Amino acid sequence: MTAGGGHGILRGMSVVPHRLLLTAALLTTGPLGAAPGDGVLRAPVGTSELVIVTSARFAGAIHSLTWGGVEFIDCADHGRELQSACSANLGLPGPFWAEAWNPTEAGSRRDGAGPASTSRLLAYATTGATMRTATQMAYWLNPGERSSGHPALNTNPLSDHVLRKQVRIGGPGGSNVLDYVVEFVVPAGEPHSFIQFEALTGYMPERFGTFWTFDPATGDLVPLSDGPGEQPKPVILATADGAHAMGIFARPAPGARGPGYGRWRFGPQRVTKWNAVFRVADADGVPAGAYRFQLHVPVGSLEEVRAALRRLTDPAAAATRRRQTRRASCSRAEAPTTGSSPACAASCPTSSYPHGPSPARANRCASTPAASPQRSTPASPATSAAHPSGASSRWK
């Protein structure tokens with residue numbers, strides 16, 4: 001299947017049809033005089049306002065998130081944002097090093113603290129509390145550069161990988177949750193047998209230095225060590241007094257291993273980091289196509305973040321969301337048509353759809369600053385066996 005292929009399930013991984021979440025026609029300059037990609041989302045959350053800022057400097061990546069008078073994102077260079085990235089092995093045997101081939105949303109290591117990004121913003125739109133972007137990602141390393149002795153495998157500064165994202169303030173977990181959807185478009189013609197998707201990562205100021213995991217089974221918070229590295233439960237980074245916190249919860253993606261939730265503390269740089277990571281491996285080649293991941297980022301006090309994660313992981317609430325999704329897929333504006341799927345037929349009253357919904361609806365389912373250390377996402381234990389050098393601390 002090529003990147004432009006149609007619907008299908010490839011080797012167990014859901015491959016989304018190669019369509020943009022938004023098109024170039026939606027490219028907007030935002031406020032008069034602003035460059036494409038300069039934008040703000042804002043919405044009331046509790047007693048404060050949650051404000052998200054993007055800019056052309058970071059190719060539409062989120063470089064600022066404030067709530068309660070506090071900045072949640074450290075954006076000292078083009079690696080430290082709320083952003084997405086991926087790494088792959090080009091089908092090469094031997095040790096895997098994430099930064100050697102590493103398309104990155106906000107830009108490259110060489111972009112440093114500079115005013116522009118090597119990544120290309122293809123489309124950008126904001127409507128109310130929702131943002132949509134499409135970005136052709138730069139490689140973190142430029143050709144000829146090295147990361148901890150490992151040479152860049154890419155031969156161009158700009159990759160052919162496109163990241164599409166939709167971010168909305170307010171979601172299933174409550175008004176204080178970012179509903180965050182990303183799609184990584186893997187192009188045809190690249191012989192990867194292993195791809196690591198850092199679906200989302202957040203680099204935070206050092207005041208967010210208290211680490212917690214959230215246990216979905218009990219709804220409890222458990223203190224988390226500095227690690228570094230991944231573990232299987234959602235992570236929260238909070239201030240010591242619990243007045244400000246940010247968490248991450250990712251939905252499973254069929255066919256992908258994960259999510260793994262990582263955390264790091266970079267003391268000399270005065271930065272902490274969390275991420276949510278998925279991995280796809282196929283000895284015959286990872287198929288081209290668009291790989292979609294659904295994430296939720298709760299923001300607020302530590303207790304407010306925990307409450308949001310409880311809502312997000314509550315089985316009864318999840319069942320309700322599935323029913324609502326099925327109902328939404330059955331448009332009552334369409335004429336009754338035979339051939340509905342059982343799921344849609346069950347969710348749409350027969351009085352409105354005596355013959356079920358239409359088949360179409362039924363089937364719609366600058367160099368790095370001296371202070372910046374090495375960064376790469378560690379492979380999972382299973383992956384480490386095949387890619388032993390993958391276990392290094394990710395830095396961007």
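Everything numeric here is computed off the predicted structure, so don't read it as measured data. (Residues numbered from 1 in each chain as written. Predicted model: local features only at pLDDT ≥ 70, side-chain atom pairs only at ≥ 80, totals over all residues. Heavy atoms only, no water.)

1. Describing the overall build of the chain
In step 1: The helix and strand inventory of the chain stands at 5 helices and 23 strands.
In step 2: For the chain, with 396 residues in total, the buried portion stands at 54%.
In step 3: Surface exposure of the chain reaches about 15500 Å², of which carbon and sulfur atoms provide 57%. (Helix = DSSP H or I, 4+ residues; strand = E, 2+ residues; numbered from the N terminus. Buried < 20%, exposed > 50% of the residue type's maximum accessible area, 1.4 Å probe, protein only. Areas by Shrake-Rupley, 256 points an atom, 1.4 Å probe, with all protein chains shown as cover.)

2. Quick word on the pairing of strand 22 (residues 271–281)
In step 1: Here strand 22 lies mainly inside the structure; 10 of its 11 residues are buried.
In step 2: Across 11 bridges, strand 15 (residues 194–205) lies against strand 22 in antiparallel orientation. Paired with Leu 200 across the two strands is Ala 276, which belongs to strand 22.
In step 3: With 8 bridges connecting them, strand 21 (residues 257–266) and strand 22 associate as antiparallel partners. Bridging from a neighbouring strand, Gly 260 pairs with Val 277 of strand 22.
In step 4: Counted along the chain from strand 21 to the antiparallel partner strand 22, the turn is 4 residues long, and its residue Arg 270 has a positive phi close to 60°. (Pairing = 2+ DSSP bridges.)

3. Let's talk about the nonpolar core
In step 1: Of all hydrophobic cores here, the largest spans 66 residues; its most connected members are Phe 197, Trp 274, Phe 293 and Leu 295.
In step 2: Element by element, the count of residues in this core is highest for strand 14 (residues 174–186), at 6 residues.
In step 3: Setting aside chain neighbours within four positions, we find Leu 295 in contact with Leu 178, Asp 179, Tyr 180, Val 182, Ala 199, Leu 200, Ile 248, Phe 249, Ala 250 and Ala 276. (Core = buried A, V, L, I, M, F, W, Y, C linked by side-chain atoms within 4.5 Å. Contact = heavy atoms within 4.5 Å.)

4. Describing the packing of aromatic side chains
In step 1: For the structure on display, the rule yields 8 aromatic pairs.
In step 2: Relative to Phe 293, the ring of Phe 184 has its centre 6.1 Å away and its plane inclined at 70°; by these criteria the two rings are edge-to-face. Of this pair, Phe 184 sits in strand 14 while Phe 293 sits in strand 23 (residues 289–300); the two residues are 109 residues apart in sequence, bridging distant segments of the chain.
In step 3: When its relative accessible area of 1% is taken as the criterion, Phe 184 is described as buried.
In step 4: For Phe 293, a relative accessible area of 1% translates into the label buried.
In step 5: Grouped by ring-pair contacts, the aromatic residues Phe 184, Phe 197, Phe 278, Tyr 291 and Phe 293 constitute a single cluster. (Phe/Tyr/Trp six-rings, centres within 6.5 Å; stacked < 30°, edge-to-face > 60°.)

5. Looking at helix 1 (residues 302–313)
In step 1: If you check helix 1, its first and last C-alpha atoms are 17 Å apart, about what 12 residues at 1.5 Å a residue would give, namely 16 Å.
In step 2: Where helix 1 is concerned, the buried positions are Leu 302, Val 305, Arg 306, Ala 308, Leu 309, Leu 312 and Thr 313. Viewed along the axis of helix 1, the buried residues span an arc of 160°, placing them on a single side of the element. (Expected span 1.5 Å × (residues − 1). Arc of directions from axis to C-beta.)

6. Here's the deal with unusual backbone geometry
In step 1: A cis amide bond, omega 5°, links Gly 227 with the succeeding residue Pro 228.
In step 2: Note that Pro 228 resides in the loop between strand 17 (220–223) and strand 18 (229–231).
In step 3: Omega for the bond connecting Gly 258 with Pro 259 falls within 30 degrees of zero, at 5°, which places this linkage in the cis form.
In step 4: Within the element layout of this structure, Pro 259 appears in strand 21.
In step 5: Its identity is not glycine, yet Leu 90 carries a phi of approximately 55°, on the positive side.
In step 6: Summarising the element assignment, Leu 90 is placed in the loop between strand 7 (82–88) and strand 8 (103–104).
In step 7: Its identity is not glycine, yet Arg 270 carries a phi of approximately 60°, on the positive side.
In step 8: Tracing the backbone through its elements, the reader meets Arg 270 in the loop between strand 21 and strand 22.

7. Details of the pairing of strand 21
In step 1: Within strand 21, 7 of the 10 residues are buried, which leaves it mostly tucked inside the rest of the structure.
In step 2: Where strand 18 and strand 21 come together, 3 bridges link them in antiparallel fashion. From the neighbouring strand, Gly 229 faces strand 21, where its bridge partner is Arg 263.

8. Comments concerning the environment of Gln 83
In step 1: Among the secondary structure elements, Gln 83 is positioned in strand 7.
In step 2: Between the alpha carbons of Gln 83 and Tyr 203 there is a distance of 8.9 Å; along the sequence they are 120 residues apart.
In step 3: Polar side-chain contacts of Gln 83 include one of 3.4 Å to the backbone oxygen of His 78.
In step 4: Polar side-chain contacts of Gln 83 include one of 3.4 Å to the backbone nitrogen of Glu 105. (Polar contact = N/O pair within 3.5 Å; in protein donor to acceptor, adjacent residues only side chain to side chain.)

9. Remarks on the confidence of the model for the chain
In step 1: With 71% of its residues at a pLDDT of 70 or more, the chain shows a mean pLDDT of 80.
In step 2: Within the model, the stretch residues 1–29 combines pLDDT values under 50 with 82 contacts to residues more than four positions away or in other chains.
In step 3: Of the regions scoring below 50 in pLDDT, residues 376–396 engages in 85 contacts with residues more than four places distant in sequence or in other chains. (pLDDT = per-residue confidence, 0-100.)

10. Topic: the pattern of salt bridges
In step 1: In the structure shown here, the tally under the stated rule is 15 salt bridges.
In step 2: The closest approach of N and O atoms between Arg 109 and Glu 145, which form a salt bridge, is 3.7 Å. Remark: Glu 145 occurs in the loop between strand 10 (130–139) and strand 11 (146–147) and Arg 109 occurs in the loop between strand 8 and strand 9 (120–127); sequence separation between them is 36 residues.
In step 3: As a salt-bridge pair, Asp 226 and Arg 265 come within 2.7 Å of each other at their nearest N and O atoms. Residue Asp 226 is located in the loop between strand 17 and strand 18, and its partner Arg 265 is located in strand 21; the two are separated by 39 residues in the primary sequence.
In step 4: Assessed through its relative accessible area of 35%, Arg 265 is described here as partly exposed. (Salt bridge = Lys/Arg side-chain N within 4 Å of Asp/Glu carboxyl O.)

11. Observations concerning the environment of Leu 163
In step 1: Topologically, Leu 163 is positioned in strand 13 (residues 158–171).
In step 2: Assessed through its relative accessible area of 0%, Leu 163 is described here as buried.
In step 3: If we skip the residues at most four places from it in the chain, Leu 163 touches Ser 84, Glu 105, Thr 133, Ala 134, Thr 135, Met 137, Val 182, Glu 183 and Phe 184.

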